[in-house]
Amino acid sequence: MSPVQTGTSRFRRSALLGAVVATALGGGAILAACGTGGQNGASSGPARISVADEYIPLPPAGGMAAGYLTVRNDGGKDQLLKVTSPAAESVTMHRSTASTMEQVDSLDVPAHGALQLARGGNHLMIMGWQKAPALGDELELDLTFAKSGTISVKVPVKELTYRPGQS
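Every value quoted in this text rests on a predicted model; they were computed, and no experiment measured them. (Residues numbered from 1 in each chain as written. Predicted model: local features only at pLDDT ≥ 70, side-chain atom pairs only at ≥ 80, totals over all residues. Heavy atoms only, no water.)

Peer 1: Any chance you could explain the environment of L124 here in plain terms?
Peer 2: Mapped onto the secondary structure, L124 falls in strand 8 (residues 123–129). Residues L124 and L69, spaced 55 residues apart in sequence, show a C-alpha to C-alpha distance of 9.0 Å. Those residues within four positions of L124 in sequence are excluded, and the remaining contacts are A65, A66, G67, L69, V83, V91, T92, M93, L117 and L141. (Helix = DSSP H or I, 4+ residues; strand = E, 2+ residues; numbered from the N terminus. Contact = heavy atoms within 4.5 Å.)

Peer 1: Help me understand the packing of aromatic side chains, please; the structure alone is not making it clear to me.
Peer 2: We describe a pair of aromatic rings using the distance from one ring centre to the other and the angle between the two ring planes. Under the criterion given, the structure shown has 2 aromatic pairs. Relative to Y68, the ring of Y55 has its centre 5.3 Å away and its plane inclined at 45°; by these criteria the two rings are tilted. Of the two residues, Y55 sits in strand 1 (residues 49–57) while Y68 sits in strand 2 (residues 65–73), which places them 13 residues apart along the sequence. Of the two residues, Y55 and Y68, neither departs from the other in class, the shared state being buried. When the centroid spacing of 4.8 Å and the interplanar angle of 70° are considered together, the rings of Y55 and Y162 count as edge-to-face. Of this pair, Y55 sits in strand 1 while Y162 sits in the segment after strand 10 (149–158), and the two are 107 residues apart along the sequence. (Phe/Tyr/Trp six-rings, centres within 6.5 Å; stacked < 30°, edge-to-face > 60°. Buried < 20%, exposed > 50% of the residue type's maximum accessible area, 1.4 Å probe, protein only.)

Peer 1: What am I meant to see in the pattern of salt bridges here?
Peer 2: Where charged atoms from two side chains of opposite charge come close, those side chains can pair. For the coordinates displayed, the defined rule picks out 4 salt bridges. Of the charged contacts, one joins D53 and R72 as a salt bridge, the two residues approaching to 3.9 Å between their closest N and O atoms. Separated by 19 residues along the polypeptide, D53 in strand 1 and R72 in strand 2 bring together distant segments of the chain. Residue classification places R72 among the partly exposed positions, given a relative accessible area of 40%. (Salt bridge = Lys/Arg side-chain N within 4 Å of Asp/Glu carboxyl O.)

Peer 1: So what exactly am I meant to see when it comes to the pairing of strand 4 (residues 88–96) here?
Peer 2: Regular strands place their side chains on alternate faces of the sheet. Two elements, strand 4 and strand 8, share 6 bridges in a ladder whose sense is antiparallel. Paired with A88 across the strands is W129, a residue of strand 8. With 4 bridges joining them, strand 4 and strand 5 (residues 101–104) adopt antiparallel strand pairing. Counterpart to S96 in the pairing with strand 5 is M101. In this antiparallel pair of consecutive strands, strand 4 and strand 5, the connection spans 4 residues. (Pairing = 2+ DSSP bridges.)

So this is what it looks like as structure tokens:
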């Protein structure tokens, strides 16, 4: 083998080795960057809360009412601590199962998820209305979260058979 062929062969091996090292290091950097948005990163960032599908089915005259809504969270986990209303004596949070309903002190709002308050599950109980509700009325609810503070929403009173997303 001539000295030129030996030098070319060494150069090719060195270039190949350099390419392999660069690929390995680059792949590690990509994996590290992908890992920063994982489970720990999602739960430690600030919560970004919004409310949708809120409604109160028209209660019987003088009765208590249930309240339903969806708390959406595009950030880190949070917790709904309490709900109040300037137009009702009390608003309590409840969890229903197939056979029981129990009052709860708080409800978790998962990171990058939603807390559903819906018929047959988690819901609000609204008691002591200042004025008897009528179809089309709106009740202000103040939702207080552990990390996101208090958010006020206007919740419409709908017919008893109303279901969000259905006509």
